Amino acid sequence: MHNEIEDVPDISAEWYREITEFARTTPPWFQDLAEIGTEAVLLIFAALFLGAWWRARRGDDRTMALALLAPVAMVMSYLVSEIVKNTLRIDRPCRLVHGVVTIAGCPEYGDWSLPSNHATLAGATAVALAIAWRRTLLYVPVLAALGAFSRVFVGVHFPHDVLAGLLLGAVVAPPAVLALVAPATWLVRRVREHAALRPLVADTGGDRR
């Protein structure tokens, strides 16, 4: 089928139609699970950030700094994604592709499609967590890919939207961490030193009394 949608690659529009048509053939419980899961994956990322911080408590200053910078890099990637989205201003496929019934409701006009914010967050999270906690490299990229694909499955993004988002997040996160790791490590060291001195100051004050 020839694609006549401006600014949308033919293959992406075709894949979108095929994926959403397949999604409608899945059992209702699976569709409900997909609609919940496409948002819940962000909560899983938040839990992983918390886990990275908890693990870093016993690590050195740089390890803690990397754990704290992981969500910062994710937010920075999101901000870049928003700038790109509002510059390109490409509408959602659930409005552009006719005759398609989607699992999720179509976002309101003005909530643009390219790149996918969810996919950007997923890509940035996968890379930032891999830097801060290497063991997550075993499963976070898979989780990120599934989270990104779910945006097409429920019908709110074209495939190229999520691919662009994953790439954007993966590209923005590393330099963000690299640029901030030195000052963040210094700050963590100062906070830890201050926290270590507080009991000593309190004990000294007690002796004087």
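You'll find the structure just up there.
Remember, predicted model here, so these are calculated numbers, not experimental data.

1. A few points about the packing of aromatic side chains
Piece 1. As enumerated under the stated definition, the model contains seven aromatic pairs in all.
Piece 2. Between Phe22 and Phe153, the ring centres sit 6.4 Å apart and the planes meet at 75 degrees, which makes this aromatic pair edge-to-face. Placement of the pair is Phe22 in helix α1 (residues 10–23) and Phe153 in helix α6 (residues 140–153), with a sequence separation of 131 residues.
Piece 3. Through a chain of ring-to-ring contacts, the aromatic side chains of Phe22, Trp29, Phe30, Phe149 and Phe153 assemble into a single cluster.
Piece 4. Looking at Arg57, its charged tip hangs above the ring of Trp54, at a distance of 3.6 Å from the centre.

2. Let's talk about the pattern of salt bridges
Piece 1. Summed over all chains, the structure comprises five salt bridges.
Piece 2. The salt bridge involving Asp61 is made with Arg189; its shortest N-O contact spans 3.3 Å. Taken together, the residues span a long stretch of sequence, with Asp61 in helix α3 (residues 61–88) and Arg189 in helix α7 (residues 159–208) at a distance of 128 residues.
Piece 3. On the basis of relative accessibility, which here comes to 34%, the residue Arg189 falls in the partly exposed class.
Piece 4. We note a salt bridge from Arg95 to Asp91, for which the minimum N-O separation is 2.9 Å.
Piece 5. Judged by relative accessible area, which is 30%, Arg95 ranks as partly exposed.
Piece 6. For Asp91, a relative accessible area of 13% gives the class buried.
Piece 7. By sharing partners, the salt bridges in this structure join Asp61, Arg189 and Arg192 into a single network.

3. Looking at a negative patch on the surface
Piece 1. On the surface, Asp10, Glu14, Glu18 and Glu21 cluster together to form a negatively charged patch.
Piece 2. Within the fold, Glu14 resides in helix α1.

4. Overview of the state of the cysteines
A covalent bond between the sulfur atoms of two cysteines is referred to as a disulfide.
Piece 1. Throughout the structure, instances matching the rule amount to one disulfide.
Piece 2. Each sulfur in the disulfide pair Cys94 and Cys106 lies 2.1 Å from the other. In this structure the cystine formed by Cys94 and Cys106 twists about its S-S bond by roughly 75 degrees; its chirality is therefore right-handed. In this pair, Cys94 is assigned in helix α4 (residues 93–96) and Cys106 in the loop between α4 and α5 (117–132), connecting sequence segments 12 residues apart.
Piece 3. Its relative accessible area of 17% is what places Cys94 among the buried residues.
Piece 4. For Cys106, a relative accessible area of 31% translates into the label partly exposed.

5. Digging into the environment of Phe45
Piece 1. Along the chain, the position of Phe45 falls in helix α2 (residues 28–56).
Piece 2. For the pair Phe45 and Pro71, spaced 26 residues apart in sequence, the C-alpha separation works out to 9.1 Å.
Piece 3. Not counting chain neighbours up to four residues away, the residues in contact with Phe45 comprise Ala122, Thr125, Leu143 and Ala144.

6. What about unusual backbone geometry?
Piece 1. With an omega of -5 degrees, the peptide bond running from Leu114 to Pro115 counts as cis.
Piece 2. Summarising the element assignment, Pro115 is placed in the loop between α4 and α5.
Piece 3. Positive phi outside glycine occurs at Arg89, with the angle close to 55 degrees.
Piece 4. Following the sequence through the fold, Arg89 ends up in the loop between α3 and α4.

Each value, and the rule that gives it
- Residues numbered from 1 in each chain as written.
- Predicted model: local features only at pLDDT ≥ 70, side-chain atom pairs only at ≥ 80, totals over all residues.
- Heavy atoms only, no water.
- Phe/Tyr/Trp six-rings, centres within 6.5 Å; stacked < 30°, edge-to-face > 60°.
- Helix = DSSP H or I, 4+ residues; strand = E, 2+ residues; numbered from the N terminus.
- Lys NZ or Arg CZ within 6 Å of the ring centre and 35° of its normal.
- Salt bridge = Lys/Arg side-chain N within 4 Å of Asp/Glu carboxyl O.
- Buried < 20%, exposed > 50% of the residue type's maximum accessible area, 1.4 Å probe, protein only.
- Patch = residues over 30% accessible without salt bridge, like charges linked within 9 Å, V, L, I, M, F, W, Y side chains within 5 Å.
- Areas by Shrake-Rupley, 256 points an atom, 1.4 Å probe, with all protein chains shown as cover.
- Lys, Arg positive; Asp, Glu negative; His and termini not counted.
- Charge placed at Lys NZ, Arg CZ, Asp CG, Glu CD.
- Disulfide = S-S within 2.5 Å.
- Contact = heavy atoms within 4.5 Å.

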